[in-house]
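Inside the fold
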Amino acid sequence: MSVEEIGVLNGKRILLIITGGIAAFKCLDLIRRLRERGALVRCVLTSAGARFVTPLSLSALSEDKVYGDLFSLTDEHEMGHIELSRDADLLVVAPATANMLAKMANGIADDLASTVLLATDKDVLVVPAMNVRMWEHSATQANVATLGARGILFAGPTNGPMACGEFGAGRMIEPLEIIAAIEAELGIGSRLVGRRALVTS
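Reading the values: the criteria
Throughout, a residue's number is its position along its own chain's written sequence, starting from 1. With pLDDT at 70 or above as the cut-off, local features in this predicted model cover only qualifying residues; side-chain atom pairs require 80 or more to be listed or tallied, and sums for whole chains, interfaces and linings still use all residues. Side-chain metrics rest on all non-hydrogen atoms present in the structure, leaving aside hydrogens and water. Each helix is a run of DSSP H or I of at least 4 residues and each strand a run of E of at least 2, with the numbering of both proceeding from the N terminus. By definition here, a helix of n residues has an expected span of 1.5 Å times n minus one. Should any heavy atoms of two residues lie within 4.5 Å, those residues are counted as being in contact. Only residues whose relative accessible area exceeds 30% and that take part in no salt bridge are eligible for patches, with like-charged residues grouped when within 9 Å of each other and nonpolar side chains (Val, Leu, Ile, Met, Phe, Trp, Tyr) grouped when within 5 Å. Per-residue accessibility takes into account occlusion by the displayed protein chains alone, with areas from the Shrake-Rupley method and a 1.4 Å probe. For this analysis, a salt bridge means a side-chain nitrogen from Lys or Arg found within 4 Å of a carboxyl oxygen belonging to Asp or Glu. Buried means the residue's accessible area, taken with a 1.4 Å probe over protein chains only, is under 20% of the maximum for its type, while exposed means over 50%, and partly exposed covers the values in between.

A separate point is helix 8 (residues 138–149). Here helix 8 contains twelve residues, and its C-alpha end-to-end distance of 16 Å stays within 8% of the 16 Å for a straight helix at 1.5 Å per residue. On its buried face, helix 8 is in contact with helix 5 (98–106), helix 7 (132–136) and strand 6 (153–154). Just past helix 8, the residue Gly-151 takes up positive phi, approximately 95 degrees.

Structure below.
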């Protein structure tokens, strides 16, 4: 990491929503790199996501509590889902499964992650990851179009080999590419961070 990249996201609050896909392991590196850049990262982990990454790992890297239970009285007392959804500069869903895209497109709120997404008034960046056939399915593409029309920003997916053995569109982009999308959404141009300019007239 270059000197110019250190602190480019200083103080920015990212709510990272991790759903149930094998690409969830990339979020561990994503959190580390976001923290290196000064971002404050808070995680919401779905029950399916917890089958791929553990709350302990996410908490250790983010240095914050990991949220997952919509009906936890303690969580609702400390940080309710409404406050959680709004106490961020940007919400990032990574990986975003076909199921989560369908929930978002249809306004379904049956767990903490989907409830937070329905309750937020902040910008949302979605990073899809799924099998190529699921990505290309007309239902998924209709959901993507619906979300895009509502102002949801998409980063990826890309083409590549998948855990299932197939090759094609649906592979989640890499952490540095996600960070570039986050910086772009937040209006941060890291190329000029740390540079000095003298303007004369």
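What follows picks up the thread again.
There is a patch of nonpolar side chains on the surface, built from Ile-22, Phe-25 and Phe-52 and spanning about 310 Å² of accessible area. Following the sequence through the fold, Phe-52 ends up in the loop between strand 2 (40–45) and helix 2 (55–62).

What follows covers the pattern of salt bridges. Enumeration according to the criterion identifies twelve salt bridges in this entry. A salt bridge links Asp-29 to Arg-32; its shortest N-O distance comes to 2.6 Å. Here the residue Asp-29 and the residue Arg-32 both occupy positions in helix 1 (residues 26–36), the gap between them amounting to three residues, near one helical turn. For Asp-29, a relative accessible area of 24% corresponds to the partly exposed category. Owing to a relative accessible area of 35%, Arg-32 belongs among the partly exposed residues under this scheme. Between Arg-33 and Asp-29 there is a salt bridge, with the nearest N and O atoms lying 2.9 Å from each other. One end of the pair is Arg-33 and the other is Asp-29, both in helix 1 and four residues apart, which spans about a single turn. For Arg-33, a relative accessible area of 22% puts it in the partly exposed group. Put simply, Arg-13, Arg-42, Asp-64, Asp-87 and Asp-89 are held in one network by salt bridges that share partners.

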